[in-house]
Structures are given as C-alpha cells and as structure tokens.
Amino acid sequence: YFLSMSISMMKFLNQTLCLSLVLCISMTTMSFAQTCSKYKFSSNNVFASCNDLPFLDSFLHYTYDSSTGTLHIAYRHTKLTSGKWVAWAVNPTSTGMVGAQAILAYPQSDGTVRVYTSPIRSYQTSLQEGDLSFNVSGLSATYENNEMVILASLSLAQDLGNGGTINTVWQDGSMSGNSPLPHPTSGNNVRSVSTLNVVSGVSAAAGGAGGSSKLRKRNIHGILNGVSWGIMMPVGAIIARYLRVAKSANPAWFYIHVFCQASAYIIGVAGWATGLKLGGDSPGIQYSTHRSIGIALFSLATVQVFAMFLRPKPEHKHRLYWNIYHHSIGYTLIILGVVNVFKGLEILSPKKQWKNAYTGIIVALAIVAALLEAFTWYVVIKRRKLEESAKSAPHGASNGSRSQYA
C-alpha cells in the first residue's frame with residue numbers, strides 16, 4: 001500500500017515538475033494596439049508618426065525632416081504620480097544607459113515644470129544639466145492631469161545610422177525635493193530600451209522584436225534557477241525523505257534522489273554562470289541580497305556534491321554525523337533556493353501570473369510533503385509496534401499462530 005502511495009506521489013511530483021517547466025519556458029509576447037494616433041495636443045502640434053512605447057505608460061510622437069536631419073519629438077508619459085521625474089534619450093553609441101543623451105523634466109514645488117538636457121556618462125549619474133552631443137532646440141514641457149509632455153527638436157544628421165535607425169531610452173524615477181533620485185533597476189525600468197527607424201517609422205525592442213539580448217539573458221537566468229534551486233531541489237528532497245520508507249523502493253529511491261539533485265545542481269550552475277555574466281555586463285546595477293544568496297547556494301551545493309564521495313557506509317560509526325551534516329546543508333539549500341527565486345521574481349517583475357504560478361507550485365509541494373510526513377510517521381509507528389509485538393510474543397505461541405493460518 002505504501003509503495004502504491006509512493007508511486008502516486010512520484011507521478012504527482014513529475015506532473016508538477018513538468019507543469020512548472022511549461023510555465024517557466026513558455027514566454028508569451030504581447031501586442032500593443034496603437035492608441036497614440038488618436039491623441040491631440042493642446043498646442044495644436046501635429047506629428048507625422050507615433051509609437052506606443054511598450055513600458056512605463058509612455059508614447060513617442062515624431063516628425064523627421066530628412067533635408068535638415070532634424071527629428072521633432074513629443075515624448076508623453078501618462079499616469080505620472082507626484083514627486084516623479086521622466087526622461088527620454090537618444091543613445092548614439094550603444095543600446096544601454098551609458099552614453100544616452102537625455103532630456104529630463106519634472107514638476108517643481110511652485111507648480112512650474114523644469115526641463116533640461118543631461119548627458120549620461122556613467123551608471124552613477126546624478127542627472128546633472130549639461131550639453132548633449134547634438135543640438136537641441138525648441139525644448140519645453142508641460143504637466144497636466146498626471147501627464148508629462150516633452151517637446152524638442154534634435155539635430156541628428158551626424159548620429160543616424162543603419163538607414164535612419166537610432167537607439168532610444170526612456171525612464172522615470174522619484175524626486176527628493178528638486179533633486180532627481182536614481183531610477184529603479186528592476187522591472188519595466190530596465191526594459192525601456194528600443195530602436196527607432198525615423199525614416200520607416202519601425203520601432204522595436206533593442207536587440208530584436210523578441211526583446212533585448214540582456215532581457216533574454218535575465219529570463220534565461222530566471223528560468224534555469226527557478227527550475228533547479230526552486231523546484232527540482234525540493235522535489236529531490238521529498239523523494240529521499242518519503243520514498244525511502246518503503247523497503248521495496250530501496251535502493252531505487254537513492255538513485256532517483258541523486259539523479260534529481262545532480263540535475264538540479266548542473267542546471268543551477270548554468271543559471272549561476274548566466275547571473276555572473278549579467279553582473280559583468282551591468283557594472284552599475286547590483287542586487288546585493290540576490291547575489292549573496294546565489295553565491296551561498298553555489299558554494300553549499302558544491303560542497304554537498306563533493307561530500308557524496310565521502311559518504312560512509314550505513315553501519316559506519318561516523319554515518320550519523322554525516323547524515324546530520326547532509327540533511328542540514330540540504331534543507332538550507334532548499335530554503336535559500338526558494339527565497340532567492342522570489343527575490344529574482346521581484347527583480348524581473350514579470351506578469352503577476354508567473355509569481356502566482358511559482359507560489360502555487362511551492363504550496364502544492366508543501367502540502368504533499370505535509371501529507372506524506374503524517375503518513376510516513378503512521379507507517380513507521382505501526383511498523384515499530386508490529387516489530388515490538390513480534391519480539392515480545394512467546395516463541396511457541398508464535399509458531400502456533402503461524403501453523404493456524406498456514
């Protein structure tokens with residue numbers, strides 16, 4: 001009976017793992033209906049083209065004058081709460097933040113709007129005012145009904161490449177008095193990068209329509225670590241703790257446990273390596289807690305793997321101490337892994353359904369573990385009572401009993 005229960009549990013865990021893999025790997029793309037074309041400016045400005053930017057409730061209206069190489073733009077940021085700044089930028093040298101030539105605006109305490117240019121030379125920028133690498137004229141901004149609108153004309157004749165394609169960046173952040181604070185370094189604030197062809201009007205996320213290469217790396221990092229540390233490790237521990245009670249499952253449970261944990265370690269190391277690569281590519285962006293837990297996970301898991309080669313035989317006098325060590329490190333890895341997956345979800349800020357899906361998987365595994373824990377104790381206690389009863393029974397009575405039912 002216990003073996004059948006264990007097999008059912010294995011099937012359930014396998015289905016749960018497969019479901020989690022499908023949820024993690026199936027990345028959907030969203031299409032945005034172009035609503036900017038219906039917008040009318042109060043100043044009667046009219047632009048030839050517009051794009052609904054995919055993040056931060058932003059829109060870009062523009063007209064390109066090919067004879068002068070001038071790009072007339074209106075950047076709109078809607079749903080803007082008080083005490084926030086917004087910025088739109090062209091980056092002539094790369095697709096990221098460093099090198100961006102930004103136009104920044106924010107409402108001041110006296111009700112006016114300050115707008116100015118700011119070249120971004122490092123990740124530690126304080127958004128100080130300065131001249132850009134190209135000329136800017138007609139600079140102005142308005143703030144009404146939680147919407148900021150920036151108007152400007154940019155002389156980009158020397159900065160257009162690839163047939164009229166430019167790299168664009170847009171941002172928002174909080175204010176401290178009249179001083180802009182650094183913008184968030186997670187979620188949509190790190191996705192707000194795109195390319196724009198001012199001739200054809202084609203706009204796409206930097207690195208291709210599927211998203212920037214850095215964002216893809218972040219997603220791969222999240223998938224690998226979520227599946228390995230966050231799901232496979234707990235599943236492997238459940239297999240070892242509850243399947244081993246069934247005598248008929250020995251030694252199959254051990255090999256299944258080793259296979260599951262070894263696979264989790266290999267996938268986890270791959271995810272850890274992508275995290276190191278992401279850190280190297282983003283020197284000004286750090287997630288100290290997430291990074292520290294990741295290093296601890298890799299270190300403890302590596303020690304755990306090599307400790308398998310020092311595993312004493314069951315009858316060895318030091319086996320008890322090895323078991324205590326092995327279980328302590330193992331449960332620590334599970335706790336740290338789950339915590340770090342949630343930390344990673346906070347950084348990536350995906351759709352709420354992804355966090356809900358992972359939470360559901362963890363809750364399901366916890367419920368299965370609780371039920372199996374209770375059932376295992378029931379089986380163990382019943383088995384001990386039967387063994388004690390068999391030891392205390394008179395030898396003759398035992399033989400007579402067997403002959404009676406033979």
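Residues numbered from 1 in each chain as written. Predicted model: local features only at pLDDT ≥ 70, side-chain atom pairs only at ≥ 80, totals over all residues. Heavy atoms only, no water.

Observations regarding the overall build of the chain
The condition that has to hold: Note on conventions: DSSP H or I runs of at least 4 residues are helices, E runs of at least 2 residues are strands, and numbering of each starts at the N terminus. For the exposure calls, accessible area comes from a 1.4 Å probe over protein chains only, and a residue counts as buried if that area is under 20% of its type's maximum, exposed if over 50%, partly exposed in between. Contacts were defined at the residue level, with two residues in contact if any of their heavy atoms lie within 4.5 Å. Here, Shrake-Rupley sampling with a 1.4 Å probe gives the accessible areas, and only protein chains in the shown set may cover a residue.
Scanning the chain from terminus to terminus reveals seven helices and 12 strands. Relative to its full complement of 406 residues, the chain shows a buried share of 41%. A sequence separation of at least 24 residues applies to 61% of the contacts in the chain between residues at least 6 apart. Counting every atom, the chain has about 22,300 Å² of accessible surface; 59% of that belongs to carbon and sulfur.

Here we look at the pairing of strand β9 (residues 165-176)
The test is simple: Two strands are said to pair when DSSP picks up at least two bridges between them.
Among the 12 residues of β9, nine are classified as buried, and the element is accordingly described as predominantly covered. Summarising the sheet, strand β4 (residues 84-91) and β9 pair through eight bridges and their orientation is antiparallel. The residue bridging Asn-91 from the neighbouring strand is Asn-167, located in β9. The sheet contact formed by β9 and strand β11 (residues 193-197) spans five bridges and is antiparallel. Across the sheet, residue Thr-165 finds its bridge partner in β11, namely Asn-197. Of the strand pairs in this sheet, β9 and strand β10 (residues 179-180) are connected by two bridges, and their pairing is antiparallel. Each residue of the ladder has a partner; that of Met-175, found in β10, is Pro-180. Two successive antiparallel strands, β9 and β10, enclose a turn made up of two residues, where Gly-177 displays a positive phi of approximately 70°.

Section: the nonpolar core
Inclusion rule: Side-chain atoms within 4.5 Å link the members of a nonpolar core, which is a set of buried Ala, Val, Leu, Ile, Met, Phe, Trp, Tyr and Cys residues.
Counting 36 residues, the largest nonpolar core has Trp-229, Val-235, Ile-238 and Tyr-358 as its most contacted members. Those elements that place two or more of their residues in this core are α2 (213-243), α3 (252-281), α4 (288-307), α5 (319-348) and α6 (352-392). Of all the elements, α2 adds the most residues to this core, at 13 residues. Those residues in contact with Trp-229 that sit more than four places away from it in its chain are Pro-234, Tyr-265, Gly-268, Val-269, Leu-297, Ala-301 and Gly-337. Leu-60, Leu-71, Ile-103 and Leu-154 belong to the second largest nonpolar core, which has 26 residues in total.

Quick look at the packing of aromatic side chains
Two aromatic rings, taken as a pair, are described by how far apart their centres are and by the angle between their planes. Quick note on the threshold: Ring geometry is summarised as follows: Phe, Tyr and Trp rings, the Trp one being its six-membered ring, pair when their centres sit within 6.5 Å, and such pairs are stacked at plane angles under 30 degrees, edge-to-face over 60 and tilted between the two.
Applying the stated criterion to the full structure yields eight aromatic pairs. Aromatic pair Trp-272 and Phe-298: ring centres 3.9 Å apart, planes at 5°, arrangement stacked. Here the residue Trp-272 occupies a position in helix α3, and Phe-298 occupies one in helix α4, the gap between them amounting to 26 residues. The exposure class of Trp-272 is partly exposed, given its relative accessible area of 23%. Taking 5.2 Å as the distance between ring centres and 65° as the angle between the ring planes, the aromatic pair formed by Phe-342 and Tyr-358 counts as edge-to-face. Of the two residues, Phe-342 sits in helix α5 while Tyr-358 sits in helix α6, which places them 16 residues apart along the sequence.

Details of unusual backbone geometry
Of note in this structure, Asn-145 is not a glycine but carries a positive phi near 50°. Residue position: Asn-145 is located in the loop between β7 (136-144) and β8 (147-155). The phi dihedral of Asn-146 is positive, around 60°, even though this residue is not glycine. Residue position: Asn-146 is located in the loop between β7 and β8.

Quick notes on the pattern of salt bridges
Convention followed: Criterion for a salt bridge: a side-chain nitrogen of Lys or Arg within 4 Å of a carboxyl oxygen of Asp or Glu.
Tallied over the entire structure, the rule returns four salt bridges. The partner of Glu-373 in a salt bridge is Arg-241, with the nearest N and O atoms 2.8 Å apart. Of this pair, Glu-373 sits in helix α6 while Arg-241 is found in helix α2, placing the two residues 132 residues apart along the sequence. Glu-373 sits in the partly exposed class, given a relative accessible area of 21%.

Quick word on α6
Inclusion rule: To estimate how far a helix should reach, multiply one less than its number of residues by 1.5 Å.
Compared with the 60 Å implied by 1.5 Å per residue over 41 residues, the 60 Å span of α6 between its first and last C-alpha is a close match. For α6, every residue scored as buried is listed here: Trp-354, Ala-357, Tyr-358, Ile-361, Ile-362, Leu-365, Val-368, Ala-369, Leu-372, Phe-375, Thr-376 and Val-379.

Some points on the environment of Val-245
Relative to the helices and strands, Val-245 is located in the loop between α2 and α3. Remark: the alpha-carbon pair of Val-245 and Thr-376, spanning 131 residues in sequence, is separated by 7.2 Å.

That's the geometry; what it means functionally is another story.
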